[in-house]
Amino acid sequence: MQITVPNQSDLSVAASMNYLTADNTVFTKTEGQMLMVQVNDEKYPAVYLHCSFPHTNRREYISVRTSENKEIGIIKSLDEDFPKNTVSLLEEQIKMRYFAPEITKLIGIKEEFGYSYWETETVSGSVRFTVRSGGGNVKLVTDRKLLIIDVYGNRFVIEDIKHLSEKEYRLVEMYI
């Protein structure tokens, strides 16, 4: 058995990670409803939150990034690192970023010319959308949760494929 030892650069990157807490970071919302952050003395006018584990845990290890995708720092835990008003602001931003209506009923899926055309009922109403075949646009993100990404980047979820009817499961089975 071979043991792999991280090289010096891997350890130095981990050691230099910038963790964001209430002691060094202030989040605010701009007039244009963008999330702004000040870390120590440096201000970033528009930032985005990226969850490390978006389908299983949206409360820990949240990366705060600029619009150019440069990481500013990591929030280890929403529940431990920030006051309630900041947590509410960050939860709102995460909810917007990872908005994905749950599909409650699969009415039909048709395949044509490398695209599939989905007709569904969601918690937000009836929705028809198009998915490009291949490329991981339909994938299991847990053993039961299915994520579907349409051609415009919109996300839809089936929370538990085990709760699909037999007909619905047959429709979606070939995409899993």
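Coordinates for the structure precede this section.
Figured I'd write up the structure that's included with this text. (Residues numbered from 1 in each chain as written. Predicted model: local features only at pLDDT ≥ 70, side-chain atom pairs only at ≥ 80, totals over all residues. Heavy atoms only, no water.)

**Let's talk about helix α3 (residues 84–97)**
Thought 1: In a regular helix each residue adds 1.5 Å, so 14 residues correspond to 20 Å; α3 covers 20 Å between its end C-alpha atoms and thus fits that length.
Thought 2: Taken together, the buried positions of α3 are Thr 86, Val 87, Leu 89, Leu 90, Gln 93 and Ile 94. Angularly, the buried residues of α3 cover 160° about the axis, an arc narrow enough to put them on a single face. Those residues of α3 that are exposed and angled more than 90 degrees off the buried face are Lys 84, Asn 85, Lys 95 and Met 96. (Helix = DSSP H or I, 4+ residues; strand = E, 2+ residues; numbered from the N terminus. Expected span 1.5 Å × (residues − 1). Buried < 20%, exposed > 50% of the residue type's maximum accessible area, 1.4 Å probe, protein only. Arc of directions from axis to C-beta.)

**Brief notes about the sheet that holds strand β10 (residues 146–149)**
Thought 1: An order of β9-β10-β11 is seen for the 3 strands of this open sheet, with the pairing classed as antiparallel. Looking at the sheet topology across the chains shown, the edges are occupied by β9 (138–140) and β11 (155–158). With direction set aside, neighbouring strand axes in the sheet form an average angle of 20°.
Thought 2: For β10 and β11, the ladder comprises 4 bridges, and the chain directions are antiparallel. The residue of β11 that forms the bridge with Leu 146 is Ile 158. (Pairing = 2+ DSSP bridges. Axes fitted to C-alpha atoms, helices over the stretch in contact; angles between N-to-C directions.)

**Describing a nonpolar patch on the surface**
Thought 1: A cluster of nonpolar side chains, contributed by Met 17, Tyr 19, Phe 53 and Tyr 61, occupies part of the molecular surface with about 360 Å² of accessible area.
Thought 2: By the element assignment, Tyr 61 lies in strand β4 (residues 57–66).
Thought 3: According to the relative accessible area criterion, Tyr 61 is partly exposed, its value standing at 38%. (Patch = residues over 30% accessible without salt bridge, like charges linked within 9 Å, V, L, I, M, F, W, Y side chains within 5 Å. Areas by Shrake-Rupley, 256 points an atom, 1.4 Å probe, with all protein chains shown as cover. Salt bridge = Lys/Arg side-chain N within 4 Å of Asp/Glu carboxyl O.)

**Quick word on the packing of aromatic side chains**
Thought 1: Applying the stated criterion to the full structure yields 4 aromatic pairs.
Thought 2: Seen from their ring centres, Phe 27 and Phe 82 are 5.7 Å apart, and the 70° between their planes marks the pair as edge-to-face. Here the residue Phe 27 occupies a position in strand β1 (residues 25–29), and Phe 82 occupies one in the loop between α2 (78–81) and α3, the gap between them amounting to 55 residues. Per residue, the accessibility class of Phe 27 equals that of Phe 82, and both read buried. (Phe/Tyr/Trp six-rings, centres within 6.5 Å; stacked < 30°, edge-to-face > 60°.)

**A closer look at the pairing of β10**
Thought 1: Two strands pair when backbone bridges link them, and β9 and β10 are joined in this way by 3 bridges, in the antiparallel orientation. Note on β10: the bridge partner recorded for Leu 140 is Leu 146.
Thought 2: Hairpin connection, β9 to β10: the antiparallel pair is bridged by 5 residues.
Thought 3: Counting the residues that bridge the hairpin from β10 to β11 gives 5 residues, and of these Gly 153 lies at a positive phi of roughly 90°.

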